[in-house]
Amino acid sequence: PTLIETADEAAQSLRVPRPVIRAFGVALRRRAQEQPEYARAASATLWEAGYRETRLLACAILSGQAHEDVSKWAIDYVRNCDDQEIIVEMAQVGVLDWRKSDTARFLVEVETWLKDSDRKIRTFAFLSLRAACEDQQFKDIPSIFRIVTGFTAKVKGEERRALRQL
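Quick summary incoming for the structure in this document. One numbering rule holds for all chains: residues counted from 1, following each sequence as written. Per-residue local features of the predicted model are confined to residues with pLDDT of at least 70, and side-chain atom pairs are confined, for both listing and counting, to 80 or more; whole-chain, interface and lining totals are unaffected and use all residues. With hydrogens and water stripped out, all remaining heavy atoms of the structure feed into the side-chain values.

**Focus on the overall build of the protein chain**
Assigned secondary structure in the protein chain consists of ten helices and zero strands. Each helix and strand of the protein chain, ordered N terminal to C terminal, gives the series α-α-α-α-α-α-α-α-α-α. Note that the radius of gyration is over C-alpha atoms, with the globule rule given as 2.2 Å times the number of residues to the power 0.38. The C-alpha radius of gyration computed for the protein chain amounts to 16 Å, which stays within 12% of the reference 15 Å derived for 166 residues, consistent with globular compactness. With the principal axes as the frame, the protein chain shows a C-alpha extent of 50 × 35 × 25 Å. Every one of the 166 residues in the protein chain was classed for burial, and the buried ones make up 45%. For the protein chain, the share of sequence-separated contacts (at least 6 apart) that also reach a separation of at least 24 residues comes to 68%. To measure how exposed things are, a 1.4 Å probe is used in the Shrake-Rupley method; for residues, cover is taken only from the protein chains shown. Of the accessible surface of the protein chain, which amounts to about 8900 Å², a share of 53% is contributed by carbon and sulfur atoms. Counted as positive: Lys and Arg. Counted as negative: Asp and Glu, with His and the chain ends omitted from the count. By convention, the charge on Lys lies at NZ, on Arg at CZ, on Asp at CG and on Glu at CD. The average position of the 26 basic charges and that of the 25 acidic charges among the side chains of the protein chain differ by 6 Å. Strands here mean DSSP runs of E at least two residues long; helices mean DSSP runs of H or I at least four residues long; both are numbered from the N terminus. Exposure categories follow from relative accessible area, calculated using a 1.4 Å probe and restricted to protein chains: below 20% of the type maximum is buried, above 50% is exposed, and the middle band is partly exposed. Only heavy atoms enter the contact rule, under which two residues are in contact if any of them lie within 4.5 Å.

**Here's the deal with the packing of helix H4 (residues 69-79) against helix H8 (residues 119-134)**
In contact at an axis separation of 9 Å, H4 and H8 are set at 130° when each is read in the N-to-C sense. Considered as vectors, H4 and H8 are oriented oblique to each other. The two elements H4 and H8 cross, and the hand of that crossing is right-handed. On H8, the residues that touch Ala74, Ile75, Val78 and Arg79 of H4 are Lys120, Ile121 and Phe124. Note that Gly is not counted as nonpolar here; it falls among the polar residues with everything else outside the nonpolar set of Ala, Val, Leu, Ile, Met, Phe, Trp, Tyr, Cys and Pro and the charged set of Asp, Glu, Lys and Arg. Of the residues assigned to the contact of H4 with H8, the class counts are five nonpolar, no polar and two charged. Between the N-to-C directions of two axes lies an angle of 0 to 180 degrees, each axis being a line fitted to C-alpha atoms and, for a helix, fitted only over the stretch in contact. Here is the rule for angles: anything less than 35 degrees is roughly parallel, anything more than 145 is roughly antiparallel, 65 through 115 is roughly perpendicular, and the remaining ranges are oblique. Put simply, a crossing is left-handed when the front helix is turned counterclockwise from the back one by less than a right angle, and right-handed when it is turned clockwise.

**Structural notes on the pattern of salt bridges**
What counts as a salt bridge is simple: a side-chain nitrogen of Lys or Arg found within 4 Å of a carboxyl oxygen of Asp or Glu. Tallied over the entire structure, the rule returns 15 salt bridges. Of the charged contacts, one joins arginine 52 and aspartate 83 as a salt bridge, the two residues approaching to 2.8 Å between their closest N and O atoms. Here arginine 52, found in helix H3 (residues 52-63), pairs with aspartate 83, found in the loop between H4 and helix H5 (84-94); they are 31 residues apart in sequence, far enough to count as distant. The salt bridge partner of lysine 100 is aspartate 135, with a shortest N-O separation of 3.8 Å. Taken as a pair, lysine 100 in helix H6 (residues 96-101) and aspartate 135 in the loop between H8 and helix H9 (141-149) lie far apart in primary sequence, 35 residues in all. Taking relative accessible area as the criterion, lysine 100 reaches 39% and is therefore assigned partly exposed. For aspartate 135, a relative accessible area of 13% gives the class buried. Through salt bridges with shared partners, a single network forms among Arg18, Arg52, Asp83, Glu85 and Glu89.

**Concerning helix H2 (residues 39-49)**
Restricting attention to buried positions, one finds in H2 the residues Ala39, Ser43, Ala44 and Trp47. Within H2, the buried residues cover an arc of 120° as seen down the axis, which keeps them to one side. Facing away from the buried side of H2 by over 90 degrees, the exposed positions are Thr45 and Glu48. Among the structural elements, helix H1 (18-34), H3, H4 and H5 are those in contact with the buried residues of H2. By arc we mean the arc of the directions from the helix axis to the C-beta atoms, nothing more.

**Regarding the environment of leucine 57**
Locating leucine 57 in the fold gives a position in helix H3. The buried category is assigned to leucine 57, whose relative accessible area is 11%. Between the C-alpha atom of leucine 57 and that of isoleucine 75, which follows or precedes it by 18 residues, the distance is 16 Å. Apart from the residues within four sequence positions on either side, leucine 57 is in contact with Ile21, Phe24, Gly25, Leu28 and Leu46.

Everything listed is a geometric property; what it means functionally is a separate question.
Here's what the structure looks like:
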């Protein structure tokens, strides 16, 4: 059987070891930083392949991009994703350089995400805030508390877990 035929179809995974994915991710991130005009197309192609590993690589490509479109791309990807591991990766890694380059815009976007009707987007927002809190370079913790104050009573399930971890 081919590699695709032996893939774990239930998890949509090719069972590639995580260190291998990280190594490829670092290389793709670097290449996308050198040629940012191809980053969106490359990440979209990998994302659309639908496997966990290709989606992790798409997150790695986005992580090296700092322009505001990254936010829109991440949301488009998260809306079409049912894999919680990938949503966590997008929050921790996918929006990393964008978050660092424009903290104020990041916080405005997260506030918008928290008001979205899609539970996955709200969960992604809480996970993104958690990633910011864990980043030693992130300095605006008071804004995070201000943002989440109005949402604490309204969350359930994955959102509540993400909020508790925050």
